[in-house]
Amino acid sequence: MMDNTLIVGPGSEGELSLEGLKAFSCLEELIVDNNLLGNDLLLPRLPHLHTLTLNKNQISFQKMLKYIESLLDHVAEVAPSLEYLSLLGNEACPNELVSLDKDEDDYQRYRYFVLYKLTNLKFLDARKVSKREHEEAKARGAFMKVVKPKTDTESRDLRSVSPGMPYTPLPSGSRDSKSHKGVFAKCRYVYYGKHSEGNRFIRDEQL
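Residues numbered from 1 in each chain as written. Predicted model: local features only at pLDDT ≥ 70, side-chain atom pairs only at ≥ 80, totals over all residues. Heavy atoms only, no water.

- Going by what an unreviewed UniProt entry lists, the protein is known as Leucine-rich melanocyte differentiation-associated protein-like and is assigned to Huso huso.

Here it is in structure tokens:
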């Protein structure tokens, strides 16, 4: 193993603390696969890190209200030289081999969003990043974030915060019947029926 490469395996409890990486400021490659790491992962500043693999962890698009967006922003800040990132085997990476309900379009949207956040990547997962992907990510990547709908438990929690207040699309000033404002006017219009489809089948003698 090279001096600038670090491979970290899971601890006895399957959980891992990365605080000790502060001593490896010149680290270039970091492999922390299969360590139950989530979206709350925190890395020290590693200015020379160009390869990071986080395969088979617990990184998702939404977990404990921490989105993958915050994780990608964190990685972009602490590892500005990152060129290779792999998230295979995580929920956030919608790979068809892992999630049967995902397809290539889901995976491509995920790639656009990651590339939008990490603009220097040359490889993402097991695929080289193309020039076209970088262009699409710059143009549309911000709109590719996947947000899961709230669960029944979360919906009940929201209703408990504001009980007795049913949803209404009207502004608060329009809900009071006494403050209603309306407009009444007359309009003169004569209908001749020339353009009616039904009139094509009615003869003059039938009128």
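1. What to know about the overall build of the protein
Argument step 1. Along the protein, the regular secondary structure elements total 4 helices and 8 strands.
Argument step 2. The linear arrangement of helices and strands in the protein, starting from the amino end, is β-β-β-β-β-α-β-α-β-β-α-α.
Argument step 3. In the protein, which comprises 207 residues, the proportion classed as buried is 32%.
Argument step 4. When the accessible surface of the protein is split by element, carbon and sulfur atoms take 54% of a total near 15,000 Å². (Helix = DSSP H or I, 4+ residues; strand = E, 2+ residues; numbered from the N terminus. Buried < 20%, exposed > 50% of the residue type's maximum accessible area, 1.4 Å probe, protein only. Areas by Shrake-Rupley, 256 points an atom, 1.4 Å probe, with all protein chains shown as cover.)

2. So, the environment of arginine 45
Argument step 1. One can find arginine 45 in the loop between β2 (29–31) and β3 (51–53).
Argument step 2. Discounting chain neighbours no more than four positions away, the residues touching arginine 45 are Glu77, Val78 and Pro80. (Contact = heavy atoms within 4.5 Å.)

3. Thoughts on the packing of helix α1 (residues 68–78) against helix α2 (residues 104–117)
Argument step 1. Closest axis-to-axis distance for the α1/α2 pair is 9 Å, and the angle between their directions is 40°. Judged on the interaxial angle alone, α2 and α1 are oblique. For the pair α1 and α2, the crossing hand works out as right-handed. Here Ile68, Glu69, Leu72, Asp73 and Ala76 of α1 come into contact with α2, specifically with Phe113, Val114 and Lys117.
Argument step 2. Tallied by class, residues from the contact of α1 with α2 come to 5 nonpolar, no polar and 3 charged. (Axes fitted to C-alpha atoms, helices over the stretch in contact; angles between N-to-C directions. Parallel < 35°, antiparallel > 145°, perpendicular 65-115°, else oblique. Left-handed = near helix turned anticlockwise from the far one by under 90°. Nonpolar A, V, L, I, M, F, W, Y, C, P; charged D, E, K, R; others polar.)

4. Examining empty space enclosed by the protein
Argument step 1. In the structure shown here, the tally under the stated rule is 1 cavity of 30 Å³ or more.
Argument step 2. Of the volumes computed, that of the largest cavity is approximately 40 Å³.
Argument step 3. With 3 residues, α1 is the largest single contributor of residues to the lining of the largest cavity.
Argument step 4. Taken together, the residues of the lining of the largest cavity break down into 8 nonpolar, no polar and no charged. (1 Å grid on protein atoms, 1.4 Å probe; cavity = no way out; pocket = protein on both sides within 12 Å on 5 of 7 lines; lining within 4 Å. Points joined across faces, edges and corners; volume = space filled by probe spheres on them.)

5. Considering the packing of aromatic side chains
Argument step 1. For the structure on display, the rule yields 2 aromatic pairs.
Argument step 2. A centroid spacing of 5.4 Å and a plane angle of 35° characterise the contact between tyrosine 107 and tyrosine 110, whose relative ring orientation is tilted. Of the two residues, tyrosine 107 and tyrosine 110 are both situated in helix α2; the distance of 3 residues between them amounts to about one turn of the helix. For the pair formed by tyrosine 107 and tyrosine 110, the shared burial category is buried. (Phe/Tyr/Trp six-rings, centres within 6.5 Å; stacked < 30°, edge-to-face > 60°.)

6. A word on the packing of α2 against helix α3 (residues 131–140)
Relative placement of two packed helices is described by the angle separating their axes and the distance separating the axes.
Argument step 1. At a closest axis distance of 8 Å, the pairing of α2 and α3 adopts a crossing angle of 80°. One finds that α2 runs roughly perpendicular with respect to α3. Residue-level inspection shows Gln108, Arg111, Tyr112, Leu115 and Tyr116 of α2 in contact with α3, the latter providing Arg132, Glu133, His134, Glu136, Ala137 and Arg140.
Argument step 2. When grouped by side-chain class, the residues that make up the contact of α2 with α3 number 4 nonpolar, 2 polar and 5 charged.

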